[in-house]
Every structure is written in C-alpha cells, then in structure tokens.
Amino acid sequence: ESARNFANKVWNASRFVLMNLDSREDIRTGELTLPDQWILSRFQKAVQEVSQHMEEGDFGLAASKIYDFAWSEFCDWYIELSKGRLTGEDETAKRNARAVLLYVLEGLLKLLHPFMPFLTEEVYQYLPGKEGMLILASWPQLRPEFDFAKEERQMEGLMEIIRSIRNLRSEM
C-alpha cells in the first residue's frame with residue numbers, strides 16, 4: 001500500500017510538472033530564488049547519498065533516501081512553493097520554476113529507475129528534450145554550481161517556522 005501511494009505521488013507530481021512545461025529551459029543560477037537553491041542543493045545531496053548507497057550495495061538505504069527526498073522535499077515542499085510562481089505574472093520566476101522542476105524531476109526519475117522502472121520509463125517519455133529511453137540515460141551527476149549550503153540552512157529555518165505555525169493552528 002505504501003509503495004502504491006508513493007508511485008501515485010510520483011505520478012501526480014510528474015503530471016503537475018509536465019502540465020506546466022512548454023519546453024526545456026536552462027537553469028539560470030543568478031536568478032534562482034531561495035526555494036530553488038534549496039531544492040537544487042537537497043537534490044545534490046540526494047544524488048550523492050543514493051549513489052554511495054548503490055555503490056555499497058545497500059539498496060534499502062538508497063530506496064529510503066529517494067523516497068524521503070521525493071515525498072517530503074520535492075513533492076510536499078518544493079512543488080507547493082513553486083505553484084504561486086507558476087501562476088504569477090513574473091515571467092522570469094515562471095521560467096526558473098519550470099526549469100528547476102524539470103531538472104529535479106528528470107534527475108529523480110533517473111534515481112528511481114532501478115526501483116520503479118515501468119513508472120519512471122513511462123513518465124520520462126513525456127519529458128521535453130529527452131534523448132532516447134531512460135534506461136540508457138546517464139546517472140545524475142553532481143554539479144558544484146548547485147551547492148547552496150547557506151541558502152539551504154536559511155530555507156530549513158523558514159520551513160521550521162512554517163511547521164510551527166501549522167502546528168499552532170492545528171492546536172487552536
């Protein structure tokens with residue numbers, strides 16, 4: 001049941017991203033917002049940890065890391081934070097949100113492929129600018145320009161404030 005719910009979450013997140021894309025756009029690091037920098041930095045860490053677990057043959061930890069990143073960070077936080085920019089008037093903000101969403105989704109599909117090949121291959125075929133089949137695509141590479149340690153800490157602080165407010169609201 002948990003795996004089914006996760007597959008459904010990935011499918012719906014993919015549909016949302018694809019619904020908001022027109023074409024493949026490059027990420028412009030000088031125009032990134034704090035949430036953009038946070039998710040790119042978190043994705044870098046996820047790639048690093050998943051790669052290490054896979055190399056060590058610890059597939060359970062690799063799958064757990066992908067699950068946590070996809071569900072909690074990408075779907076529950078970043079996609080929700082990007083919705084306002086995608087429907088707003090600022091074209092630069094829209095372009096950046098779309099570029100980051102596509103970059104992270106494509107990378108997430110590559111990380112997930114060894115565990116959920118049928119789902120990831122199906123979604124991958126709809127990505128703009130994709131080349132061939134996902135099974136033949138290269139593993140996500142670390143990109144030093146997407147390491148935003150300071151911004152990641154700032155965003156974590158902001159997320160903690162939001163969680164506290166939500167908890168207070170639910171208690172009232």
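Values in this document were obtained by computation on a predicted structure and should not be read as measured data.

Draft legend 1. Focus on the packing of helix 2 (residues 34-55) against helix 4 (residues 91-112). For the pair helix 2 and helix 4, the least separation of the axes is 11 Å and the interaxial angle reads 15°. The angle between helix 2 and helix 4 falls in the class roughly parallel. Crossing angle aside, the handedness with which helix 2 passes helix 4 is left-handed. In contact with Asp36, Ile39, Leu40, Phe43, Gln44, Val47 and Val50 of helix 2, helix 4 contributes Asn96, Val100, Tyr103, Val104, Gly107, Leu108 and Leu111. Taken together, the residues that form the contact of helix 2 with helix 4 break down as 10 nonpolar, 3 polar and 1 charged.

Draft legend 2. Structural view of the pattern of salt bridges. Enumeration according to the criterion identifies 14 salt bridges in this entry. When the shortest N-O distance is used, the salt bridge between Arg95 and Glu31 registers 2.8 Å. Of this pair, Arg95 sits in helix 4 while Glu31 is found in the loop between helix 1 (2-19) and helix 2, placing the two residues 64 residues apart along the sequence. Exposure remark for Glu31: the relative accessible area of 33% places this residue in the partly exposed category. Note that Glu152 and Lys45 form a salt bridge whose closest N and O atoms lie 3.2 Å from each other. You can see Glu152 sitting in helix 6 (residues 149-171) and its partner Lys45 sitting in helix 2, a full 107 residues away along the chain. Since its relative accessible area comes to 33%, Lys45 is described here as partly exposed. The network of salt bridges with shared partners includes Arg42, Lys45, Glu73 and Glu152.

Draft legend 3. Here's a closer look at the packing of aromatic side chains. Evaluation of the coordinates by the stated rule reveals 6 aromatic pairs. Plain terms: the ring middles of Tyr67 and Trp71 are 5.7 Å apart, the flat faces sit at 25° to each other, and that makes the pair stacked. With Tyr67 and Trp71 both in helix 3 (residues 59-87) and 4 residues apart, this pair spans about one turn of that helix. Ring geometry for Tyr103 against Phe146: centres 5.2 Å apart, planes inclined by 75°, an arrangement best described as edge-to-face. One end of the pair, Tyr103, is in helix 4; the other, Phe146, is in the loop between helix 5 (117-124) and helix 6, and 43 residues separate them in sequence.

Each value, and the rule that gives it
Residues numbered from 1 in each chain as written. Predicted model: local features only at pLDDT ≥ 70, side-chain atom pairs only at ≥ 80, totals over all residues. Heavy atoms only, no water. Axes fitted to C-alpha atoms, helices over the stretch in contact; angles between N-to-C directions. Helix = DSSP H or I, 4+ residues; strand = E, 2+ residues; numbered from the N terminus. Parallel < 35°, antiparallel > 145°, perpendicular 65-115°, else oblique. Left-handed = near helix turned anticlockwise from the far one by under 90°. Contact = heavy atoms within 4.5 Å. Nonpolar A, V, L, I, M, F, W, Y, C, P; charged D, E, K, R; others polar. Salt bridge = Lys/Arg side-chain N within 4 Å of Asp/Glu carboxyl O. Buried < 20%, exposed > 50% of the residue type's maximum accessible area, 1.4 Å probe, protein only. Phe/Tyr/Trp six-rings, centres within 6.5 Å; stacked < 30°, edge-to-face > 60°.

Everything listed here is a matter of geometry and, on its own, says nothing about what the molecule does.
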